[in-house]
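Read off the chains here:
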Amino acid sequence: MNGTGTASIPDGAAVVAGSGRPRLRLRLLLLLVVALAGISLAAMTGLNGNLVYYKTPTELVRDTGLHGKRVRVGGLVMPGSVRRSPGTVSFTLTDGVTDLHVVNRGQPSGVFQAGQGALVDGFWGRDDVFRSDQVLVKHDNTYRAPNGKKYSPPDPLRTAQVTNR
Amino acid sequence: MPRRTDQILGVIASLAAAGTLPIALAVAPPDAVQGQAQRLMYVHVPAAWLAYLAFAAVLLCSIGYLLSRDLRWDRRAQAAAEIGVGMTALAIVLGSLWGRPVWGVWWVWDPRLVTTTVLLLVYVGYLGVRGLSADPHASARRTSAVGILAFVNIPIVHFSVVWWRTLHQPPTLLQPGGSHPIAPGMLAALLASLVTFTLAGIVVYRRRLRQLAARDALLRERFADSSTAATAQEPAPAVLVIPQVFR
């Protein structure tokens, strides 16, 4: 490490710094590759091989090839459509154009309620019923006080325009 | 750096925190849809904000080093990056705590959460590439390049909820379109906590910077006797302060 034109470093410091530039560089590269591979894997798994995180009901019914494949669908839970029974809950998921009848195995957790958004993960049957095993609540970006004012769900078409989807 | 300023800033930050707490816990109403869990917004959002601010500081300090070749800029960038990494990790944890009762899950791999994870890893990597060269200037050059390039992650993370479909909702205050659909009490709590976190971040940054400067000065002193070549520049102390990540 001598002769580089800067203050020469005592040998002890070289040991402390880690033996050899190539090994450190290799370690870094390995870390980078592993990190990128891990993230790509996670992202692809999360996307279920699709390019979008979820489909809308309209997109789902338009693609008959999706029968029997695991897919995630997002929309608004239609007010008045939620029916709970032991072990299942059924509701209608809509994007303002297409209504999707969903039967979910298990009770949804989170703040699931009619008038809010939801993502369902499951299979679309040939009987036009979507059987899901997971419901995620997708709430919007509004924050309101519970002051007795009547809450009206956001217009899904307007929301779609605002967020450019 | 004057210690008096640190003391004053510390007091102001503490007062801000003390003032924010009652607003966040009592004055701000619970959300009509999310309930009390929504109060996590008052720590999750400011943590993310402070992370963005810290990484912007890394960007500026990296440019500062490349323009001036003064190693003090490199030190400032390090202190800022450490805060940024800590705040990103905190934002992720707080977001997870918020997600479980509201979304129904601790985690999803949607574009917002994926890009935030990438952000965290990139800046952990930034801290990891520090001090690899014997020559502190070579090391600082490399680090500054990474610090500038890494900043591209911030707009990607921020706009991920607008560009792509996500479970995470789009921004409330920084919405494209410009409206702020948030109740006044909640807005007050959020702004108060943003101010608090920013002040606290500045206080921690200054203390860390002081610590880094003292350590470099100490190492400079130690090797001033044992170096055989005389130089006017700061000698090699940056080499020895490799972050614990690689020990």
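The structure contained in this document is the topic of the report that follows. (Residues numbered from 1 in each chain as written. Chains lettered and ligands numbered in written order. Predicted model: local features only at pLDDT ≥ 70, side-chain atom pairs only at ≥ 80, totals over all residues. Heavy atoms only, no water.)

**Brief notes about the overall build of chain B**
The helix and strand tally for chain B stands at eight helices and zero strands. Beginning at the N terminus, the succession of helices and strands in chain B can be written as α-α-α-α-α-α-α-α. With respect to the principal axes defined by its C-alpha atoms, chain B has extents near 70 × 40 × 35 Å. Buried residues in chain B amount to 54% of all 247 residues. (Helix = DSSP H or I, 4+ residues; strand = E, 2+ residues; numbered from the N terminus. Buried < 20%, exposed > 50% of the residue type's maximum accessible area, 1.4 Å probe, protein only.)

**Quick word on the packing of helix H2 (residues 41–68) of chain B against helix H5 (residues 136–149) of chain B**
Residues and elements named next belong to chain B. Where H2 contacts H5, the axes come no closer than 8 Å and their chain directions differ by 140°. As judged from the angle between their axes, H2 and H5 are oblique. Of the two elements, H2 crosses H5, and the hand of that crossing is left-handed. Of the residues in H5, those in contact with Val58, Leu59, Ser62, Ile63, Tyr65 and Leu66 of H2 are His137, Ala140, Arg141, Ser144, Gly147 and Ile148. When the residues that make up the contact of H2 with H5 are grouped by side-chain class, the tally is seven nonpolar, four polar and one charged. (Axes fitted to C-alpha atoms, helices over the stretch in contact; angles between N-to-C directions. Parallel < 35°, antiparallel > 145°, perpendicular 65-115°, else oblique. Left-handed = near helix turned anticlockwise from the far one by under 90°. Contact = heavy atoms within 4.5 Å. Nonpolar A, V, L, I, M, F, W, Y, C, P; charged D, E, K, R; others polar.)

**Comments concerning H2 of chain B**
An α-helical turn contains 3.6 residues, so a residue and the one three or four places further along point in the same direction. With 28 residues, H2 of chain B ought to run about 40 Å at 1.5 Å a step, and its terminal C-alpha atoms sit 40 Å apart, in line with that. At the C-terminal side of H2 of chain B, Arg69 of chain B shows a positive phi close to 60°. (Expected span 1.5 Å × (residues − 1).)

**Considerations on the packing of aromatic side chains**
Residues and elements named next belong to chain B. In this structure the tally under the stated criterion is six aromatic pairs over all chains. Plain terms: the ring middles of Trp107 and Trp109 are 5.5 Å apart, the flat faces sit at 80° to each other, and that makes the pair edge-to-face. Judged by relative accessible area, Trp107 falls into the partly exposed class, the value being 30%. Using a relative accessible area of 30% as the deciding quantity, one classes Trp109 as partly exposed. When the ring of Phe159 is compared with that of Trp163, the centres are 5.5 Å apart and the planes differ by 20°; the resulting orientation is stacked. Remark: Trp163 and Phe159 occur in helix H6 (residues 153–163); sequence separation between them is four residues, near one turn of the helix. (Phe/Tyr/Trp six-rings, centres within 6.5 Å; stacked < 30°, edge-to-face > 60°.)

**Side note on the side chain of Arg39 of chain B**
All names here are of chain B. Considering the arrangement of structural elements, one finds Arg39 in the loop between helix H1 (3–27) and H2. Buried and without a salt bridge, Arg39 has Asp31 as its closest oppositely charged side chain, separated by 10 Å. Within the structure, the side chain of Arg39 is placed 2.7 Å from the backbone oxygen of Ala28, a separation counted as a polar contact. A polar atom in the side chain of Arg39 sits 2.6 Å from the side chain of Gln36. Residue contacts for Arg39: discarding those within four places in its chain leaves Ala24, Leu25, Ala26, Ala28, Pro29 and Pro30. (Lys, Arg positive; Asp, Glu negative; His and termini not counted. Salt bridge = Lys/Arg side-chain N within 4 Å of Asp/Glu carboxyl O. Polar contact = N/O pair within 3.5 Å; in protein donor to acceptor, adjacent residues only side chain to side chain.)

**What about the nonpolar core?**
Counting residues in each nonpolar core, the largest one holds 42 residues, and the members touching the most others are Phe91, Leu93 and Phe130 of chain A. Here Phe91 of chain A is in contact with Val77, Ser81, Val82, Leu100, His101, Val102, Phe112, Val120 and Val135 of chain A, once residues within four sequence places are set aside. Counting residues in hydrophobic clusters, the runner-up holds 29 residues, among them Phe55, Ala79, Ile92 and Leu119 of chain B. (Core = buried A, V, L, I, M, F, W, Y, C linked by side-chain atoms within 4.5 Å.)

**Details of the pairing of strand E6 (residues 129–138) of chain A**
Consecutive side chains of a regular strand alternate in pointing toward one face of the sheet and then the other. Residue and element names in this part refer to chain A. Most of E6 sits out of view: seven of its ten residues are buried. When strand E4 (residues 99–105) meets E6, the two strands line up parallel, connected through four bridges. What sits directly across from Val102, in E6, is Phe130. Two elements, strand E5 (residues 117–124) and E6, share eight bridges in a ladder whose sense is antiparallel. Bridge assignment links Asp121 to a residue of E6, and that residue is Gln134. What sits between the antiparallel neighbours E5 and E6 is a turn of four residues, in which Asp128 has the positive phi angle 65°. (Pairing = 2+ DSSP bridges.)

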